[in-house]
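# Observations on chain architecture
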Amino acid sequence: MERHHVIIFTDPGEEIDDEIALWAADQLFSSLAYKLKSCVCQGRQYSLHVVVVDGKMSAGERLARCKAVLGEPSCIKYWTPEKFDPNLMAGSSVLIIGPLELGENSEKIISDERPPDLVVLAGTKHCSVNWGQNELAQKNCEKLLSVAKQSYIIQSHRLSREIMTAEFVKKLPKKLNSHVAALTWRFLLGRATGPAEFVAHLLSPTLAGLKDRPASNFVAIQSVYEFVYSDKKLNDIEISDKAWQLSKQYYENDLEGFTDYVLKASKEVIKKEYAKATEALLRLGWYTDKVLLSTDPQLSDEALLKNRPQEFLRFKEKVFSEIGSPLPCYDHTAFREFMRYVVS
């Protein structure tokens, strides 16, 4: 019986899609039916390893976050880059859902001497967060893709097709379900970490498409607005003077930040998309009028829930429980695609 190592490089702790992917992986590999099928049909016995990378949070902090949200896993073996056994890489299947910020352990882990059979990168090369936001992470990603016997890249737009429906979120463990609800609430306020410096981050769908990024916040606002006002569509919303004025703080920064791409689209279309989303937030009573950096303490889950508890409860009980989260679950989608490669 061949033992085959499945290795996931991930950066949990900043949003929630990594944790959902790890929960799904643990559920799959701990399934008796899957174990029997893999042994009989493929002659393989799988072992699941998760390497928690460094970055904005240390690997230790990320690992603590994972265990706090997911509890003790059934079959995941967690590693930090420092303690990871590089011999596991040889002949393995590797999924990259976090930038390869491995520090001084990079050469030890990624080596021509221990090439994986398969490496899959979740996200568009040179653009996605998982490709890397610094030179070392990008170099590591490039090398790992090149040393593998087979390598594939799942483009970012493909990862945004699957959302967390009500049926899906009901299957999640209680803590994970609560984190998804809180993160969705943050996105509705236009306050989750994004690619630009200011107001993290409402992004025009047109502008997002030019950058091959999902417009998660816009989709969240649209979905909830059309749920609350069941007979109306966001595209048909009448924009007030106040919404036009307030939305300037979004699009002025973004049009400046994406100048090379904006040349391919109409600025007026982009401005109108921001104004429509702002108008929807005003009508829902969920607009916050101060431009803040995404790292501002006022934008933490704890602060948002403390300052606006009744609105959050209303959202969770009346909206989240009915439609789930309109946010794409990128890394869960990536894991499902990855497993198709693993078993093919």
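To start, this report covers the structure provided alongside it. (Residues numbered from 1 in each chain as written. Predicted model: local features only at pLDDT ≥ 70, side-chain atom pairs only at ≥ 80, totals over all residues. Heavy atoms only, no water.)

Here we come to the overall build of the protein chain. If you tally the helices and strands in the protein chain, you get 16 helices and 8 strands. Taking all 344 residues of the protein chain together, the buried fraction comes to 51%. Counted over contacts in the protein chain with a minimum sequence separation of 6, partners at least 24 positions apart contribute 79%. On the protein chain, roughly 16100 Å² of surface is accessible, and the fraction owed to carbon and sulfur atoms is 49%. (Helix = DSSP H or I, 4+ residues; strand = E, 2+ residues; numbered from the N terminus. Buried < 20%, exposed > 50% of the residue type's maximum accessible area, 1.4 Å probe, protein only. Contact = heavy atoms within 4.5 Å. Areas by Shrake-Rupley, 256 points an atom, 1.4 Å probe, with all protein chains shown as cover.)

Moving on: the nonpolar core. Counting 71 residues, the largest nonpolar core has Ile8, Phe335 and Phe338 as the members making the most contacts within it. No other element matches helix 1 (residues 17-29), which puts 7 residues into this core. Among residues more than four places away in sequence, those in contact with Phe335 are Ile8, Ala24, Ala25, Leu28, Phe29 and Leu95. Ranked by size, the runner-up nonpolar core spans 22 residues in total, among them Val51, Ile109, Val119 and Leu145. (Core = buried A, V, L, I, M, F, W, Y, C linked by side-chain atoms within 4.5 Å.)

Let us look at the sheet that holds strand 4 (residues 93-97). With parallel pairing, the 6 strands of this open sheet are ordered in space as 3-2-1-4-5-6. A strand with exactly one partner marks an edge of an open sheet, and here the two such strands are strand 3 (76-79) and strand 6 (150-154). Direction aside, neighbouring strands of the sheet carry axes that sit 20° apart on average. Bridge analysis of strand 1 (residues 2-10) against strand 4 gives 5 bridges, and the strand direction is parallel. When the sheet's bridge partners are listed, Thr10 is paired in strand 4 with Ile97. Together, strand 1, strand 2 (44-52), strand 4, strand 5 (118-122) and strand 6 form the strand contacts of helix 16 (residues 330-343), whose direction differs from that of strand 4 by roughly 165°. (Pairing = 2+ DSSP bridges. Axes fitted to C-alpha atoms, helices over the stretch in contact; angles between N-to-C directions.)

Our next topic: the packing of helix 1 against helix 16. Packed helices, taken two at a time, are described by the angle their axes make and the gap between the axes. Two elements in contact, helix 1 and helix 16, have axes separated by 6 Å at closest approach and are oriented at 35°. Both helix 1 and helix 16 take part in a crossing whose hand is right-handed. Residue-level contacts link Asp17, Asp18, Ile20, Ala21, Ala24, Ala25, Leu28 and Phe29 of helix 1 to Tyr330, Asp331, His332, Phe335 and Met339 of helix 16. Tallied by class, residues from the contact of helix 1 with helix 16 come to 9 nonpolar, 1 polar and 3 charged. (Left-handed = near helix turned anticlockwise from the far one by under 90°. Nonpolar A, V, L, I, M, F, W, Y, C, P; charged D, E, K, R; others polar.)

Throughout the structure, instances matching the rule amount to 8 salt bridges. We note a salt bridge from Lys149 to Asp117, for which the minimum N-O separation is 3.3 Å. Here the residue Lys149 occupies a position in the loop between helix 5 (135-147) and strand 6, and Asp117 occupies one in the loop between helix 4 (106-109) and strand 5, the gap between them amounting to 32 residues. A relative accessible area of 62% places Lys149 in the exposed class. Note that Glu337 and Arg340 form a salt bridge whose closest N and O atoms lie 2.8 Å from each other. You can see Glu337 and its partner Arg340 sitting in helix 16, 3 residues apart, about one turn around the helix. (Salt bridge = Lys/Arg side-chain N within 4 Å of Asp/Glu carboxyl O.)

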